[in-house]
Amino acid sequence: MVARFFLRLSDYGSAIQFLVLSHCNDEAFQLAQQHGQMDSYADIISSEATQEDYQSIALYFQGQNKHLQAGKFFHKSGQYSKALKHFLKCPNTDDNLAIEMAIETVGQAKDESLTNQLIDYLMGESDGMPKDAKYLFRLYMGLLQYREAACTAIIIAREEQSAGNYRNAHDMLFSMYTELQTQKIRIPAEMNTNLMILHSYILVKIHVKRGEHLKAARMLIRVSNNISKFPSHIVPILTSAVIECHRAGLRNSSFSFAAMLMRPEYRHNIDPKYRKKIETMVRRPDTSEIEEESTPCPYCGFMLPQCELICPGCKNNLPYCIATGHHMLKDDWSVCPHCEFPALYSQLILLLETESVCPMCSETLSVNQVEKMDDCSSFLHPDQSEH
Ligand SMILES: [Zn+2]
Ligand SMILES: [Zn+2]
């Protein structure tokens, strides 16, 4: 009766709702089918539905060639293989919802042949178009195959890095690092090192902007010593290293990077603005160098240069400060409240005078959110990273 009332008003949504409430799902389904109201029927029935209801909806959408919806309801009815088939037929959209759903489906199906189908699709074997590799990473995470996930993460970041997209590579490594950490998966040493080097590169820009040329120079030395990881910007990075080191009184380092730039494969690409100056430096070397300040190892107290990250005393890899790139100190410990990466308390406070986000996770951060920690022992794990 009531349903007919709504029908007379052409208010199909309410009619369907009424039928579902009265447990007349078949009638509701037919009504939805007749009047093209399947989306609202699916919405209304969502929590009450049986597998058969989901299947009917899925078949309806299949008939309409609406692959995303068909996949969604086959997924709900537990028919993973059909669901995947539809998701993989979806045109690529900006939000890539179909790929996300395909990953979820395969994660639940735990069926090797479905997994391989999706991997082929993501690798572009089926249509010649490789998909964004972050989906491959998610798929492996979803399948609890953490080792494969970590390898994928390293490969993706390496590609971004060699294309010169250092900020992207950094942010990608960072987000995958946190995902692995949340799952309590050991972070591969290579991933750790790459993130540290990329972070050092990001810090150079911040230090230069803040006029902290000695700190910038130290980070440029670290980056330049790993210059093979920055193949698209070898000459500009070495040039900055020469200039910043010279300015900061690290003349010997400046000289050795200047000498590297004299190699025939680099020499002609030096910015003409600096070429003369650099050539003169190489001809008349100045080998004076300000000594790097030494600070104690947080594990064993051994005094080592503040930018060294492996302790010669106890051989541990030392955690580094996200504000400076220096190794951490036991009595100056704080963490970013968002990403929990460590920072020297005094240095992070200084940095936040001019910066408003965490240099690691880019979340908004202000001085009053940072606390000095009395006990940092929970952050100190004697070496357990892979070598
Ligand atoms: Zn030590
Ligand atoms: Zn952070």
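Not measured: the values here are computed from a predicted model.

Focus on helix α16 (residues 251–261)
If you check which residues of α16 are buried, you get Ser253, Ser254, Phe257, Ala258, Met260 and Leu261. In a view along the axis of α16, the buried residues occupy a sector of 155°, so they form one face of it. Of the surrounding elements, those touching the buried residues of α16 are α14 (213–224), α15 (234–247), α17 (264–267) and α18 (272–283).

Some details on the domain arrangement of the chain
On domain assignment, one finds that the chain holds domain 1 (2–124), domain 2 (132–202), domain 3 (211–283) and domain 4 (294–387). Here the C-alpha centre of domain 3 lies 59 Å away from the C-alpha centre of domain 1.

Notes on the packing of helix α13 (residues 189–209) against α14
For any two helices packed against each other, the geometry comes down to the angle between their axes and how far apart the axes lie. Where α13 meets α14, the closest approach of the two axes is 8 Å, and the angle between their N-to-C directions is 150°. By the angle between their axes, α13 is roughly antiparallel relative to α14. For the crossing formed where α13 meets α14, the hand is left-handed. Listed contacts from α14 to Met196, Ile197, Ser200, Tyr201, Leu203, Val204, His207 and Val208 of α13 are His213, Lys215, Ala216, Met219, Leu220, Arg222 and Val223. Of the residues contributing to the contact of α13 with α14, the split by class is ten nonpolar, three polar and two charged.

What about the coordination of the zinc ion (ligand 2)?
Protein ligation of the zinc ion (ligand 2) involves Cys336 (SG), Cys339 (SG), Cys358 (SG) and Cys361 (SG), the donor distances falling in the range 2.3 Å. Note that the zinc ion (ligand 2) binds four donor atoms; their angles at the metal cover 104 to 115°, and the shape is tetrahedral. Of note, the donors binding the zinc ion (ligand 2) are all from one chain and are spaced C-x2-C-x18-C-x2-C. Taken individually, Cys336 and Cys339 each receive the classification buried, so the pair is uniform in this respect.

Describing the coordination of the zinc ion (ligand 1)
The protein atoms that coordinate the zinc ion (ligand 1) are Cys297 (SG), Cys300 (SG), Cys311 (SG) and Cys314 (SG), at distances of 2.3 Å. Geometry at the zinc ion (ligand 1) is tetrahedral, judged from the four donor atoms that bind it and their angles of 105 to 113° at the metal. Ordering the donors of the zinc ion (ligand 1) by residue number gives the pattern C-x2-C-x10-C-x2-C. Residue Cys300 is located in the loop between β1 (294–296) and β2 (303–305), and its partner Cys314 is located in the loop between β2 and β3 (333–335); the two are separated by 14 residues in the primary sequence. Relative accessible area serves as the criterion here: at 26%, Cys314 is assigned to the partly exposed category.

Some words on the environment of Tyr299
Secondary-structure assignment places Tyr299 in the loop between β1 and β2. Tyr299 sits 78 residues away from Ser377 along the chain, and the two C-alpha atoms are 9.4 Å apart. At a separation of 2.8 Å, a polar atom in the side chain of Tyr299 contacts the main-chain carbonyl oxygen of His381.

Focus: empty space enclosed by the protein
A complete count under the given rule lists one cavity of 30 Å³ or more for this structure. Taken as a whole, the largest cavity encloses approximately 40 Å³ of empty space. The wall of the largest cavity is formed by Phe87, Cys90, Pro91, Asn92, Thr93, Asn96, Leu97, Ala98, Ile99 and Tyr121. Considering every element that reaches the lining of the largest cavity, the biggest residue donor is helix α8 (residues 97–109), with three residues. Taken together, the residues of the lining of the largest cavity break down into seven nonpolar, three polar and no charged.

Description of α15
For α15, with 14 residues, the first-to-last C-alpha span of 20 Å sits near the 20 Å given by 1.5 Å per residue. Taken together, the buried positions of α15 are Ile234, Val235, Ile237, Leu238, Thr239, Ala241, Val242, Glu244 and Cys245. On its buried face, α15 sits against α13, α14, α16, α17 and α18. One or two residues past the end of α15 sits Gly249, with phi positive at roughly 85°.

A short note on the side chain of Glu292
By the secondary structure assignment, Glu292 is in the loop between α18 and β1. Among the polar contacts listed, one links the side chain of Glu292 to the backbone nitrogen of Cys307, at a separation of 2.7 Å. Dropping the residues within four chain positions of it, Glu292 is found in contact with Arg218, Pro305, Gln306, Cys307 and Glu308.

With respect to the pattern of salt bridges
Applying the stated criterion across every chain, the model contains ten salt bridges. Salt-bridge contacts for Glu279 lead to Arg267; the nearest nitrogen and oxygen are separated by 3.7 Å. Pair noted here: Glu279 is in helix α18 and Arg267 is in helix α17, with a separation of twelve residues, a long-range link. Residue class for Glu279 comes out buried when judged on its relative accessible area of 18%. Counted as one network, the salt bridges with shared partners bring together Arg210, Glu212 and Lys215.

Description of unusual backbone geometry
Peptide bonds are trans in most cases, and residues, glycine excluded, mostly fall at negative phi. Phi is positive for Asn65, close to 60°, though the residue is something other than glycine. Looking at the element boundaries, Asn65 is found in the loop between α5 (51–63) and α6 (67–76). Judged by its relative accessible area of 54%, Asn65 falls in the exposed class. In this structure, Lys184 is a non-glycine residue whose phi angle is positive, near 55°. Inspection of the secondary structure puts Lys184 in the loop between α12 (166–182) and α13.

Cut-offs applied
- Residues numbered from 1 in each chain as written.
- Chains lettered and ligands numbered in written order.
- Predicted model: local features only at pLDDT ≥ 70, side-chain atom pairs only at ≥ 80, totals over all residues.
- Heavy atoms only, no water.
- Buried < 20%, exposed > 50% of the residue type's maximum accessible area, 1.4 Å probe, protein only.
- Helix = DSSP H or I, 4+ residues; strand = E, 2+ residues; numbered from the N terminus.
- Arc of directions from axis to C-beta.
- Contact = heavy atoms within 4.5 Å.
- Domains from an automatic or database assignment.
- Axes fitted to C-alpha atoms, helices over the stretch in contact; angles between N-to-C directions.
- Parallel < 35°, antiparallel > 145°, perpendicular 65-115°, else oblique.
- Left-handed = near helix turned anticlockwise from the far one by under 90°.
- Nonpolar A, V, L, I, M, F, W, Y, C, P; charged D, E, K, R; others polar.
- Donors = N, O, S within 2.8 Å, 3.2 Å for Na, K, Ca; no water.
- Tetrahedral: all angles 85-135°; square planar, octahedral: opposite > 155°, others 65-115°.
- Polar contact = N/O pair within 3.5 Å; in protein donor to acceptor, adjacent residues only side chain to side chain.
- 1 Å grid on protein atoms, 1.4 Å probe; cavity = no way out; pocket = protein on both sides within 12 Å on 5 of 7 lines; lining within 4 Å.
- Points joined across faces, edges and corners; volume = space filled by probe spheres on them.
- Expected span 1.5 Å × (residues − 1).
- Salt bridge = Lys/Arg side-chain N within 4 Å of Asp/Glu carboxyl O.

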